[in-house]
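# A look at the structure
Each chain, letter by letter, is given below.
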Amino acid sequence: MQVLGKAAMFELVFSFAGLDWLPRPGRAARQRALGTMRKLVGGHIARRRAQADPAAGDDLLARLLALRDEATGEALSEREVFDQCMVTFQAGHETTATALTWWSRMLAGHPEAAARARAEVDAVLGDRDPGPGDAAALPWLSATVKEAMRLYPPLPALITRHTVGEITVGGWRIAPGASLYLTPWVLHHDPRWWEAPDEFRPKRFLPGAPDVPRGAYMPFGIGPRVCIGQHFAMLEMVIVAAMLLRRYDLELPEGTAEPVPVLNVTLRPRGGLRRRLHRRR
Ligand code: HEM
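Residues numbered from 1 in each chain as written. Predicted model: local features only at pLDDT ≥ 70, side-chain atom pairs only at ≥ 80, totals over all residues. Heavy atoms only, no water.

Moving on to the packing of helix α4 (residues 78-109) against helix α5 (residues 111-125). One way to put it is that α4 packs onto α5 with a least axis distance of 5 Å and a crossing angle of 105°. Put simply, α4 runs roughly perpendicular to α5. Seen from α4, the contacting residues are Leu107, Ala108 and Gly109; seen from α5, they are Pro111, Ala113, Ala114 and Ala117. Residues that form the contact of α4 with α5 fall into these classes: six nonpolar, one polar and no charged. (Axes fitted to C-alpha atoms, helices over the stretch in contact; angles between N-to-C directions. Helix = DSSP H or I, 4+ residues; strand = E, 2+ residues; numbered from the N terminus. Parallel < 35°, antiparallel > 145°, perpendicular 65-115°, else oblique. Contact = heavy atoms within 4.5 Å. Nonpolar A, V, L, I, M, F, W, Y, C, P; charged D, E, K, R; others polar.)

Printed below as a string of structure tokens:
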């Protein structure tokens, strides 16, 4: 995923500059990485197809295999199933992992917010693990995840659109066929909508907090192409976060520097992030 991320960044920047003809460094590494991904995803599908009833079960792959066209009764082709699995893996894996990485850094650096999240998790779950039905009862924990995504949006700059007609934005006339980049990073740090925009303040996302204009917060994009996995992603992240807090206290090792975000399709921390985990009794 890291190799593919770097290659995608290069391609995006150079296709933006109209330099598609330029020989690209890392092309062989990109092909190898893509091969690895294809084998991984293809292997899962092949193992499932080898089972007696591949469409039994309740996961995404089983559902894709069970799908039938209402008019013709046709199943998805092998290629369609593979492509759907690849896009789900690519879109859903690194983004969620990146969001949780930044979230854990935020909690490690903000002990009061972490203590409140831990108390909420303990009160709601006691000594059992969370399930999908518990997320709604964890508003503070959910707010910490949302606030971490505001400060460090996993996709900070790469929502692209082409204009199909002439439009005017803020006094600028934009011709048809222009490439536009929407940048959650900039929107999420705009002091017009966010008081003390660089501070970690989960209460901004508690029920009843003042509304911000539509589009001021868009970690999952917006409009007809909004992230199809956004509700699943929130559920998954809150459950993983709750499981982590049940088992560990997060702490910053002494002398930890402020993290430096780097754009590599997703927003990655330069040099990784350091946290210390203490097992809870
Ligand atoms: C924190 C986690 C996630 C973030 C921040 C995120 C972010 C985004 C964003 C910003 C877009 C819109 C791109 C655009 O408008 O051009 C998008 C689209 C998409 N996301 Fe996510 N996503 C996350 C998790 C997931 C998950 C878990 C899945 C699948 C299970 C997923 C599947 C997709 C797909 C398939 C699209 C394309 C939708 C379309 O074009 O109709 N994402 N995501």
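After that view, the rundown keeps rolling.
Within the protein, a single donor atom binds the iron atom of the ligand, namely Cys227 (SG) at 2.3 Å. Position of Cys227 among the secondary structure elements: in the loop between α7 (184-188) and α8 (230-247). (Donors = N, O, S within 2.8 Å, 3.2 Å for Na, K, Ca; no water.)

With that settled, consider the nonpolar core. Ranked by size, the top nonpolar core spans 33 residues in total, and within it Trp103, Leu107, Leu141, Met237 and Leu245 carry the most contacts. Of all the elements in the fold, those that place two or more residues in this core are α4, α5, α6 (139-151) and α8. Those residues within four positions of Trp103 in sequence are excluded, and the remaining contacts are Leu141, Thr144, Val145, Ala148, Ala241, Leu244 and Leu245. Grouped together as the second largest cluster of nonpolar side chains are 13 residues, Ile45, Leu65, Val81 and Phe82 included. (Core = buried A, V, L, I, M, F, W, Y, C linked by side-chain atoms within 4.5 Å. Buried < 20%, exposed > 50% of the residue type's maximum accessible area, 1.4 Å probe, protein only.)

For the protein chain, the domain assignment lists domain 1 (1-76) and domain 2 (92-279). Centre-to-centre separation of domain 1 and domain 2, based on C-alpha positions: 26 Å. Residue-level contacts link eight residues of domain 1 with nine residues of domain 2. Across the domain 1 to domain 2 interface the summed buried area is about 750 Å²; carbon plus sulfur atoms make up 68%. There are zero salt bridges connecting domain 1 and domain 2. For the pair domain 1 and domain 2, the interface holds zero residue pairs in polar contact (both at pLDDT 80 or more). (Domains from an automatic or database assignment. Buried area = accessible area lost by both parts, 1.4 Å probe. Salt bridge = Lys/Arg side-chain N within 4 Å of Asp/Glu carboxyl O. Polar contact = N/O pair within 3.5 Å; in protein donor to acceptor, adjacent residues only side chain to side chain.)

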